[in-house]
Amino acid sequence: MSPSTRRTRLESLWWDAVDAVGGHRSVATALESEPIAPPTRILAVGKAASGMAEGALTHFPDTPTLVVTKHGHASDTLRSLHGVTVIESAHPVPDANSIAAGHALLEAMAATAANDHVLLLVSGGASALAEALPAGWTLADLQALNAEMLAGGLPIGEMNRRRRATSRIKGGKLVAASRCPVTVLALSDVEGDGIDTIGSGIGDPTDRPGCSARLVASNRIARARAAGAATAAGLTVVENAEALYDDVFALAARLGPSLADATPGVYLYGGEPTVVLPSEPGRGGRNQALALALAEHIAGLPHISVLVAGTDGSDGPTGDAGGVVDGGTWREGARAALDAADAGTFLSACGGLFTTGPTHTNVMDLAIAIVEPR
């Protein structure tokens, strides 16, 4: 295959993975396979909230619904539905709408009666998209905390621990505010797929009588679909692992040389890398940085191509999902771009950006490599 043909195949495999865990499909399928009592209210929060709400509303049309999602991530279809209220807020650093969304979610739970039933749909990104602060905390304080954690490259578990300590809705507090049973359906964007970790535990029903929670999509499911699609296309899947849990440069140093010497076939990796940012970062996110860092290790090898992208269709504060690199990507200026956290500018100049728009799901990131015979 030529590099352009490999890129087309990589993008096709990525979309196969993402479509398998779409918010609409995942929720609709879950409700069909394990029906629940009709809810009196639907609350959806996270980057996949739009698709998840649409999936629920196919089973429970006209149910009053509040959707909290990222700016630009609510579909026109959802906005046109009767009884749906949409709040779009900022990610990864919260904004004033995030505070409004947190209060709206709390008010909706507090307004329930004992004979009501809430269907709570949770996906990654909820930590920044909705918040209710304790006394003495301001939006500026919250933004400073999030910016500090993001710049420091903290693992998501540690970030969520800190977020729960300064929140009136995380760590199970939102579910605890209800006066009725709550059913939680969640898409996982965290290692281990713990309901108590997704969205910093915004949908954690622990120890609440009558409440329940289940996972409806994960990175594992996405990778399994990509692996199946690769096999159906006549490709050999050599490795399929949830292994992207480290700093982007440490990951590149580990995965890059192994891909350079790899057996021909398809390599699938999932997870959520971290990146430490300089005081004034350029354009890009962790996926673009990892893609470009991997490019150094496969430089001059015309038989390898790699795609790295966020399954939600966004990478950090950018509108791009990630990047695609091959043996010809690494060139003058690449090292400086990585050092300046400006991988997006470099990849844009060489045609390596991967841009999808919102996907209405969020199950962490995917790296897919195709290695052909030399």
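See above for the structure.
Residues numbered from 1 in each chain as written. Predicted model: local features only at pLDDT ≥ 70, side-chain atom pairs only at ≥ 80, totals over all residues. Heavy atoms only, no water.

A.B. asks: Explain the pattern of salt bridges here, please?
C.D. replies: Pairing of side chains with opposite charge becomes possible as their charged atoms draw close. This model, assessed by the stated rule, comprises 12 salt bridges. One salt bridge connects R79 with E88, and the closest N-O pair in it is separated by 2.9 Å. Residue classification places R79 among the partly exposed positions, given a relative accessible area of 43%. Residue E131 pairs with K170 through a salt bridge whose shortest N-O separation is 2.8 Å. (Salt bridge = Lys/Arg side-chain N within 4 Å of Asp/Glu carboxyl O. Buried < 20%, exposed > 50% of the residue type's maximum accessible area, 1.4 Å probe, protein only.)

A.B. asks: Explain the sheet that holds strand 9 (residues 304–310) to me, please; I cannot follow it from the model alone.
C.D. replies: To summarise the sheet geometry, strands pair through backbone hydrogen bonds and adopt either a parallel or an antiparallel arrangement. Strand order across the open sheet formed by 6 strands is 7-8-12-9-10-11, with mixed pairing between neighbours. Looking at which strands have only one partner, the edges of the open sheet turn out to be strand 7 (237–244) and strand 11 (353–354). Across 5 bridges, the pairing between strand 9 and strand 10 (residues 322–326) is antiparallel. Following the sheet pairing, V308 is matched in strand 10 by G323. Contacts from helix 1 (residues 3–20) reach strand 8 (265–271), strand 9, strand 10, strand 11 and strand 12 (365–371) within the one sheet, and its direction differs from that of strand 9 by about 35 degrees. (Pairing = 2+ DSSP bridges. Helix = DSSP H or I, 4+ residues; strand = E, 2+ residues; numbered from the N terminus. Contact = heavy atoms within 4.5 Å. Axes fitted to C-alpha atoms, helices over the stretch in contact; angles between N-to-C directions.)

A.B. asks: Even after reading the chapter, I still don't get the packing of aromatic side chains, so can you show me in this structure?
C.D. replies: How two aromatic rings sit relative to each other is given by the distance of their centres and the angle of their planes. Tallied over the entire structure, the rule returns 2 aromatic pairs. Where W14 meets F354, the ring centres are 5.0 Å apart and the plane angle is 90 degrees; that geometry is what we call edge-to-face. Within this pair, whereas W14 is found in helix 1, its partner F354 is found in strand 11, the two being separated by 340 residues in sequence. Under the relative-accessibility criterion, F354 is labelled buried at 3%. (Phe/Tyr/Trp six-rings, centres within 6.5 Å; stacked < 30°, edge-to-face > 60°.)

A.B. asks: I keep staring at the environment of V306 and nothing clicks. Help me out?
C.D. replies: Positionally, V306 belongs in strand 9. For V306, a relative accessible area of 2% corresponds to the buried category. Distance from V306 to A291, taken between C-alpha atoms, is 7.1 Å for residues 15 residues apart in sequence. When near neighbours in sequence (up to four residues on either side) are disregarded, V306 contacts L10, L259, L294, I298, G323, V324, V325, I368 and A369.

A.B. asks: What is the right way to look at the packing of helix 1 against helix 10 (residues 219–232) in this model?
C.D. replies: Packed helices, taken two at a time, are described by the angle between their axes plus the distance between the axes. At a closest axis distance of 7 Å, the pairing of helix 1 and helix 10 adopts a crossing angle of 135 degrees. Classified by the angle between their axes, helix 1 and helix 10 sit oblique to one another. The handedness of the crossing between helix 1 and helix 10 comes out as right-handed. Counted together, L13, D16, A17 and A20 of helix 1 and I221, A222, R225, A226, A229 and A230 of helix 10 form the full contact between these two elements. Partitioning the contact of helix 1 with helix 10 into residue classes produces 8 nonpolar, no polar and 2 charged. (Parallel < 35°, antiparallel > 145°, perpendicular 65-115°, else oblique. Left-handed = near helix turned anticlockwise from the far one by under 90°. Nonpolar A, V, L, I, M, F, W, Y, C, P; charged D, E, K, R; others polar.)

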